[in-house]
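Chains, contacts and geometry: an overview
Here is what each chain is made of, one letter per residue.
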Amino acid sequence: MRSICPGKFLIIVSGDTANVQESMETAKQASKDFLVSEFILNGVHNDIVNGLKKATQLSL
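Residues numbered from 1 in each chain as written. Predicted model: local features only at pLDDT ≥ 70, side-chain atom pairs only at ≥ 80, totals over all residues. Heavy atoms only, no water.

**Thoughts on the layout of surface pockets**
Approximately 1200 Å³ is the volume attributed to the largest pocket. Around the largest pocket, the lining is made up of 33 residues, and of these Leu 10, Ile 11, Ile 12, Met 24 and Phe 39 lie nearest the centre. Breaking the lining of the largest pocket down by element, the ones donating at least two residues are strand S2 (8-10), helix H1 (17-31) and helix H2 (46-59). Per element, the largest residue contribution to the lining of the largest pocket is 7 residues, and it comes from H1. Split by residue class, the lining of the largest pocket holds 20 nonpolar, 10 polar and 3 charged. (1 Å grid on protein atoms, 1.4 Å probe; cavity = no way out; pocket = protein on both sides within 12 Å on 5 of 7 lines; lining within 4 Å. Points joined across faces, edges and corners; volume = space filled by probe spheres on them. Helix = DSSP H or I, 4+ residues; strand = E, 2+ residues; numbered from the N terminus. Nonpolar A, V, L, I, M, F, W, Y, C, P; charged D, E, K, R; others polar.)

Structure (structure tokens):
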């Protein structure tokens, strides 16, 4: 989870498609009216996911 601006966060979920879809459904139900937008990007190369993880760790 990474803050984009005050009160808004970017949450990246990676894994098998079914697991990601299940996680997204759970998050949508929990967020209720607070969810601004959501999307699923399939087939992302592991190097991209690993790069995003490193960038997030460095920015903390």
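Alright, that's what it looks like, and here's the rest.
**Looking at a nonpolar patch on the surface**
Taken together, the side chains of Leu 10, Ile 12, Phe 39, Leu 41, Val 44, Ile 48 and Leu 52 make up a nonpolar region of the molecular surface, amounting to roughly 680 Å² of accessible area. Position of Ile 12 relative to the elements: it lies in the loop between S2 and H1. The partly exposed category is assigned to Ile 12, whose relative accessible area is 48%. (Patch = residues over 30% accessible without salt bridge, like charges linked within 9 Å, V, L, I, M, F, W, Y side chains within 5 Å. Areas by Shrake-Rupley, 256 points an atom, 1.4 Å probe, with all protein chains shown as cover. Salt bridge = Lys/Arg side-chain N within 4 Å of Asp/Glu carboxyl O. Buried < 20%, exposed > 50% of the residue type's maximum accessible area, 1.4 Å probe, protein only.)

**Topic: unusual backbone geometry**
Positive phi, close to 50°, is recorded for Lys 32, a residue that is not glycine. Mapped onto the elements, Lys 32 comes out in the loop between H1 and H2. For Lys 32, a relative accessible area of 64% translates into the label exposed.

**What about the confidence of the model for the protein chain?**
Here the protein chain averages 82 in pLDDT, and 83% of its residues register 70 or above. Element-level pLDDT for the protein chain is lowest in strand S1 (residues 2-5), with a mean of 68, against a maximum mean of 92 in H1. (pLDDT = per-residue confidence, 0-100.)

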